[in-house]
Amino acid sequence: MKELITPTRSMGYPGIFLDFLSGAESARHFYLANNPGDVAAKLDTIDYDRISITRILQRQNEAFGASDKALAAIDRLADPRAVVVATGQQCVLFGGPLLILLKAVALAKAAVWLEKELDRPVVPIFWIAADDHDFAEINSTWFVTKAGELARHMYSADSGGVPASEIIMSDAEQLAELHTALKASLGDTEFTAELYDILGSSYTVGKSFVDAFGSYMAAITRELGIPLFSPSDTEVKRLSAGFFDKLLSNQNQLHEIISATNRDIVQQGYHIQAEKSDDSMHLFMHSPSRVAIHRNGEGCVCGDRKFSLSQLSSMVREQSSQFSTDVITRPMLQSHLFPVVSQIGGPSEIAYLAQINPLFRVFGLATPYYIARPSATLLERRPAKQMHDYGIAFDELTGDIETVINRIMAKSFPKDVEEHMKHMSSGVNAAFHADLESITSFDPALADFAKQSYGKIDFTMKTFQDKVFSAHKRKQKETRERIYRLGHLLFPNRSLQERVVNSNYFLSRYGIGLVTLLYDQLSIHETAHQIIRIGDEGER
């Protein structure tokens, strides 16, 4: 059973994304592709090195331990009519939050839908953000413990600012402690033996964050048949060299388009999702830290190193493995490597894609048809019953949790105590005002003083009532804890569950078969936030 919640700004959605969902023209005109058929027709006019990219995908996915279904999907890319639907994510520790699994499920479903729509092979590709260097965004993840509390697990290291593909998990003791802590958080169920085997073999000493994430994703999505892709591969960089060079030679045009589009976005009342400096070249150099390249007069600068454009152009052609795109130009690189007919993006991604769509034509590429990633909260039977019993609506949990508790406590407040409090308050009011007029008649100034005095008495009475109510709240500790646990699970850290809670929390309770359940239940065409009810969990 599934419920739908209208997405709002209070749930953390950017305004332009909400207008994209509703089809508002103020947002839609930033997204140039109106249907996938037109994009597919454009892709037929572009040459792709299908042999090389297929070979790379086969090698990478065999290393990740991909299923036969995923490897068969790769083979289909060799068909000259085949197109790609893509999505991607950073390689977060232990597979990251639920939204990553939801993206994978949506990707598999979108490929099936698009194949029927286009009557041609559609291959799903999950792009691992292997070139990203922001270690703080991938080295930790959140779990809900057996006690219903949020617990953050983190792998600490000095990454040196290198890409994720080069960050190796070398601390055996810390990694062992992480696995122990993870098991303590999740406990043991009928499903955890298989899950712990997957996590143990994926996140092991000597693997990079990318390799660990790839192995994990290949295992849990084996029935979906999704090929994974890492752009940090040396052979991929060779195929990217021409794109890097074109990026350098079109700097002026790129900056003019980006500036004009950003101005238009602001004029429409939206904010800029991906802020970049005016001198950004939208390219990074790995030396070995990943450092942004900026324009500097007629040349460019990377850290404390200066180059002419011709020098940098030679470097990207001869040393392509030392370069990577930024957030603005990464989607174009993706479409340079793959015949991308459609891109699935979350709220922030859809928001920043509005900034870049006109750039595709600079590179002679087709602008993809965008699909908003389905958004969902998984609601288990016990929390669902508690919400029903307490009369809690989902959107209440997105506000102040104490307000929810106060409302519920008010309902359970002993009626006799409440009546006594009302009687006492009305009695004091009546006694004070009974003869007030006659007492103060001989001196009108006393009336103002009396009014002030009663204000103090009334304030004291209300303070007393609040203290009585607070004492009641303390006595209702179990109810309070249940409601806070609901908040931790359904709207943790003041954010949607999918953005915080690690997928393994649910996989430990329902097994890898949960992926199939999500495939059946998740709608890729639904723009509302989906509340998906899931059944009996495994024994804790």
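Our subject in this report is the structure included herewith. (Residues numbered from 1 in each chain as written. Predicted model: local features only at pLDDT ≥ 70, side-chain atom pairs only at ≥ 80, totals over all residues. Heavy atoms only, no water.)

1. What about the side chain of Asn-357?
For step 1, the next point in the chain: Turning to its location among the elements, Asn-357 is positioned in the loop between α14 (347-353) and β13 (369-372).
For step 2, the next point in the chain: Overall, the relative accessible area of 0% leaves Asn-357 in the buried class.
For step 3, the next point in the chain: Of the polar contacts made by the side chain of Asn-357, one reaches the backbone oxygen of Phe-30; its length is 2.7 Å.
For step 4, the next point in the chain: Setting aside residues up to four positions removed in sequence, Asn-357 forms contacts with Phe-30, Tyr-31, Leu-32, Thr-367 and Tyr-370. (Helix = DSSP H or I, 4+ residues; strand = E, 2+ residues; numbered from the N terminus. Buried < 20%, exposed > 50% of the residue type's maximum accessible area, 1.4 Å probe, protein only. Polar contact = N/O pair within 3.5 Å; in protein donor to acceptor, adjacent residues only side chain to side chain. Contact = heavy atoms within 4.5 Å.)

2. Describing the sheet that holds strand β6 (residues 228-229)
For step 1, the next point in the chain: The five strands lie next to each other as β6-β3-β2-β12-β13, forming an open sheet whose pairing is parallel. The open sheet has two edge strands, β6 and β13, and neither has a second partner. (Pairing = 2+ DSSP bridges.)

3. Here we look at the packing of aromatic side chains
Two measures describe an aromatic ring pair: the distance that separates the ring centres and the angle between the ring planes.
For step 1, the next point in the chain: Applying the stated criterion across every chain yields a total of 12 aromatic pairs.
For step 2, the next point in the chain: A centroid spacing of 6.4 Å and a plane angle of 35° characterise the contact between Phe-126 and Phe-213, whose relative ring orientation is tilted. Of this pair, Phe-126 sits in strand β3 (residues 122-128) while Phe-213 sits in helix α9 (residues 209-220), and the two are 87 residues apart along the sequence.
For step 3, the next point in the chain: Aromatic side chains Phe-229 and Phe-338 sit 5.0 Å apart centroid to centroid with 85° between the ring planes, which places their arrangement in the edge-to-face category. Remark: Phe-338 occurs in the loop between α13 (330-337) and β12 (340-345) and Phe-229 occurs in strand β6; sequence separation between them is 109 residues.
For step 4, the next point in the chain: Taken together, the aromatic side chains of Phe-20, Tyr-31 and Tyr-370 make up a single cluster linked through ring pairs. (Phe/Tyr/Trp six-rings, centres within 6.5 Å; stacked < 30°, edge-to-face > 60°.)

4. What about the environment of Asp-19?
For step 1, the next point in the chain: Following the sequence through the fold, Asp-19 ends up in helix α1 (residues 15-22).
For step 2, the next point in the chain: Classification of Asp-19 as partly exposed rests on a relative accessible area of 25%.
For step 3, the next point in the chain: With 328 residues separating them along the chain, Asp-19 and Pro-347 place their C-alpha atoms 11 Å apart.
For step 4, the next point in the chain: The contact partners of Asp-19, leaving out residues within four places of it in the chain, are Ala-24, Ser-26, Ala-27 and Tyr-270.

5. A few points about helix α22 (residues 503-510)
For step 1, the next point in the chain: By the criterion of burial, α22 is predominantly enclosed, with eight of the eight residues buried.
For step 2, the next point in the chain: Among the residues making up α22, those that are buried are Ser-503, Asn-504, Tyr-505, Phe-506, Leu-507, Ser-508, Arg-509 and Tyr-510.

6. Some points on the pairing of strand β10 (residues 305-308)
For step 1, the next point in the chain: Here strand β9 (residues 299-302) runs beside β10; their pairing, made up of four bridges, is antiparallel. Across the sheet, the residue bridging to Cys-302 is Arg-305, located in β10.
For step 2, the next point in the chain: Linking β9 back to β10 in an antiparallel pair, the connection comprises two residues, with Gly-303 at a positive phi of about 65°.

7. Topic: α13
For step 1, the next point in the chain: The element α13 is extensively covered by neighbouring structure, given that seven of its eight residues are classed as buried.
For step 2, the next point in the chain: By the burial criterion, the buried members of α13 are Arg-330, Pro-331, Met-332, Leu-333, Gln-334, Ser-335 and Leu-337.

8. What to know about the packing of α22 against helix α23 (residues 513-521)
Relative placement of two packed helices is described by the angle separating their axes and the distance separating the axes.
For step 1, the next point in the chain: Where α22 contacts α23, the two axes come as close as 8 Å, and the packing angle between them is 105°. Here α22 is positioned roughly perpendicular relative to α23, judged by the angle of their axes. Touching Phe-506, Leu-507 and Tyr-510 of α22 are Gly-513, Leu-514 and Val-515, all from α23. (Axes fitted to C-alpha atoms, helices over the stretch in contact; angles between N-to-C directions. Parallel < 35°, antiparallel > 145°, perpendicular 65-115°, else oblique.)

9. A short note on the pattern of salt bridges
For step 1, the next point in the chain: A full pass over the atoms with the stated rule returns 16 salt bridges.
For step 2, the next point in the chain: The salt bridge partner of Glu-115 is Arg-76, with a shortest N-O separation of 2.8 Å. Of this pair, Glu-115 sits in helix α6 (residues 98-118) while Arg-76 sits in helix α5 (residues 68-76); the two residues are 39 residues apart in sequence, bridging distant segments of the chain.
For step 3, the next point in the chain: Since its relative accessible area comes to 27%, Glu-115 is described here as partly exposed.
For step 4, the next point in the chain: A residue is classified by how much of its surface remains accessible, and Arg-76, at 34% relative accessible area, is partly exposed.
For step 5, the next point in the chain: Taking the shortest distance from any N to any O, the salt bridge between Asp-131 and Lys-237 comes out at 2.8 Å. Of this pair, Asp-131 sits in the loop between β3 and β4 (140-144) while Lys-237 sits in helix α10 (residues 234-249), and the two are 106 residues apart along the sequence. (Salt bridge = Lys/Arg side-chain N within 4 Å of Asp/Glu carboxyl O.)

Geometric descriptors of this kind do not, in isolation, establish any biological role.
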